[in-house]
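What the coordinates show
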Amino acid sequence: MPVKVVHVVRKKSRGQHAWVFSNEVTETEGNPGPGDTVQVFDRKRLLGSGIYNPHSLIRVRLYSEQNEELDAALIQRRIETALAYRKASLPGENDFRLMFSESDRVPGLVIDKYGNHFVVQTYSLGLDMRHELVVAALREVFDVASVIEKNDFRLRDPEGLPRRAGVLFGTPEPRIVISETGVKFYVDPAGGQKTGYYFDHRLTRRKVRQLSAGRKVLDVFSYTGSFAINAALGGAESVVAVDASAAAATIATDNSVLNGVADKCEFATDNAFTALTELDARGRQFDLINLDPPAFIKAQKDKDAGMRGYRQINALAMKLLPPGGILVSSSCSHYLFWQDMLDMLVAAAQDVGREFTILDRTTQGPDHPVLLSMPESEYLRGFILQVS
Ligand code: SAH
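Residues numbered from 1 in each chain as written. Predicted model: local features only at pLDDT ≥ 70, side-chain atom pairs only at ≥ 80, totals over all residues. Heavy atoms only, no water.

Description of the overall build of the chain
Along the backbone of the chain there are nine helices and 20 strands. What you see for the chain is a C-alpha radius of gyration of 22 Å, in line with the 21 Å of a compact globule of 388 residues. Overall size of the chain, expressed as C-alpha extent along the three principal axes, is 70 × 45 × 35 Å. By residue count, 54% of the 388 residues in the chain fall in the buried class. Sequence separation of 24 or more characterises 63% of the internal contacts of the chain that already satisfy a separation of 6 or more. For the chain, the computed accessible surface area is about 16300 Å², with 52% contributed by carbon and sulfur atoms. A distance of 3 Å separates the average location of the 46 positive side-chain charges in the chain from that of its 48 negative side-chain charges. (Helix = DSSP H or I, 4+ residues; strand = E, 2+ residues; numbered from the N terminus. Rg over C-alpha atoms; globule rule 2.2 N^0.38 Å. Buried < 20%, exposed > 50% of the residue type's maximum accessible area, 1.4 Å probe, protein only. Contact = heavy atoms within 4.5 Å. Areas by Shrake-Rupley, 256 points an atom, 1.4 Å probe, with all protein chains shown as cover. Lys, Arg positive; Asp, Glu negative; His and termini not counted. Charge placed at Lys NZ, Arg CZ, Asp CG, Glu CD.)

Side note on the packing of helix H4 (residues 202-211) against helix H5 (residues 226-233)
Where H4 contacts H5, the two axes come as close as 7 Å, and the packing angle between them is 35°. Between H4 and H5 the crossing geometry is right-handed. Between H4, through Thr204, Arg205, Val208 and Arg209, and H5, the contact on the second element is made entirely by Ser226, Phe227, Asn230, Ala231 and Leu233. Taken together, the residues that form the contact of H4 with H5 break down as four nonpolar, three polar and two charged. (Axes fitted to C-alpha atoms, helices over the stretch in contact; angles between N-to-C directions. Left-handed = near helix turned anticlockwise from the far one by under 90°. Nonpolar A, V, L, I, M, F, W, Y, C, P; charged D, E, K, R; others polar.)

Brief notes about the pattern of salt bridges
Taken as a whole and judged by the stated rule, the model has 26 salt bridges. For the salt bridge of Glu237 with Lys216, the shortest nitrogen-to-oxygen distance reads 3.6 Å. Taken together, the residues Glu237 in the loop between H5 and strand S15 (238-243) and Lys216 in strand S14 (residues 216-220) connect sequence positions 21 residues apart. Several salt bridges converge on common partners, so that one network encompasses Asp128, Glu149, Arg156 and Arg164. (Salt bridge = Lys/Arg side-chain N within 4 Å of Asp/Glu carboxyl O.)

Quick notes on the sheet that holds strand S9 (residues 117-122)
With mixed pairing, five strands are arranged side by side in an open sheet as S7-S8-S9-S10-S11. The open sheet is flanked by strand S7 (95-100) and strand S11 (164-170), the only strands paired with a single partner. Neighbour to neighbour, the strand axes of the sheet diverge by 20° on average, direction disregarded. Where strand S8 (residues 109-114) lies against S9, six bridges are found, and the strand directions are antiparallel. (Pairing = 2+ DSSP bridges.)

Quick notes on the domain arrangement of the chain
Taken domain by domain, the chain comprises domain 1 (5-64), domain 2 (72-177) and domain 3 (198-387). The centre of domain 1, based on its C-alpha atoms, is set 39 Å off from the matching centre of domain 3. Contacts between the two partners involve four residues from domain 1, matched on the other side by five residues from domain 3. Together, the buried faces of domain 1 and domain 3 total about 350 Å²; carbon and sulfur atoms form 65% of this surface. The three residues of domain 1 that bury the most area against domain 3 are His17, Ala18 and Trp19, which together make up 85% of that side's buried surface. Counting across the interface, domain 1 meets domain 3 through zero salt bridges. In this assembly, domain 1 and domain 3 are joined by one residue pair in polar contact (both at pLDDT 80 or more). Classifying every residue of the side of domain 1 that touches domain 3 by side-chain character gives two nonpolar, two polar and no charged. (Domains from an automatic or database assignment. Buried area = accessible area lost by both parts, 1.4 Å probe. Polar contact = N/O pair within 3.5 Å; in protein donor to acceptor, adjacent residues only side chain to side chain.)

Re the side chain of Asn53
Note on placement: Asn53 falls in the loop between strand S5 (45-52) and strand S6 (58-64). We classify Asn53 as buried; its relative accessible area is 2%. A distance of 3.0 Å separates a polar atom in the side chain of Asn53 from a polar atom in the side chain of Glu159. Discounting chain neighbours no more than four positions away, the residues touching Asn53 are Ile58, Arg59, Leu125 and Glu159.

Rendered as structure tokens:
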């Protein structure tokens, strides 16, 4: 049981949000230090147990509504609960996001499972200090081949955490083959972006596969070709993919060979805005375009500039569609809420003077659950549009 105590006065509107900000704290007891577990009271009522970080604006990250310790047993229990949900919602899958941070009730802990290889990202000091517990818990639940940490990202800075990457346990493989709804992909956790693969779009990829038959497909921001290859396997006539990263294009090409669709796929390394402008200048058209840009809005203050970026790239894509063409447009910016995204798409459609029907909406898959009291944990949104 945490013995140190943090007292807060929280506005009603903050509910039981899992982040306690420094300006909510009124007093501490027992001199809590960096990474200590604490009990949090809001005017004498127990809000829950959390991890303390005096160096962060997020002063406490709550992991439970009870008074309980963040020990190996709790981490293992959380992993087992998360695993049970993944198994039920993703039958037959072995590769998925096992832990999605606050949503799986271990704040700041992300784990992607690639078979028996695990890639950990920690966004909180408390979990960073408890890496050994995480590895021990994983080894209780799985026959672990390796665990690496991929902690060389910007969001560690506000927590006062150093950027680093390396092996926590076992012998990692440089290139792992994973499977997602029967499609195979090479993943390079150490050299790739983030943990190496973006599991969050698995539902969107399935939809793209279903819609691609007989279509000329363009996959923009294609990374290692996950959408492109799904389109090819779904019977696309041809697939052109564009991404700024040459390293990603190399893996994407290998992925197309791995799935027997290399003859249909062409991976280009280019800036998406330039590439789409040039394709339009050359009069090229595509029957299905997938747009999966990086987060253009990383913070509230970037919202206007980011909205303009989304509008511009969507309008560029819309111009390349013949009548009946389909646009699968995604955003991974939390701050681009559903209505903002709709407004942006309406504006882009107006820019190009075309009308669209909404066929479907897309969002993050079941291995990225959303915590009810924490809207930040919902970040992936998309629309599937068909032009008249
Ligand atoms: N669709 C991919 C994930 C895309 S992540 C998948 O499902 O796996 C965003 C990608 O955009 C990254 O691969 C990054 O290299 C690329 N990127 C970022 N800025 C870009 C730009 N201006 N032009 C083209 N690609 C860009």
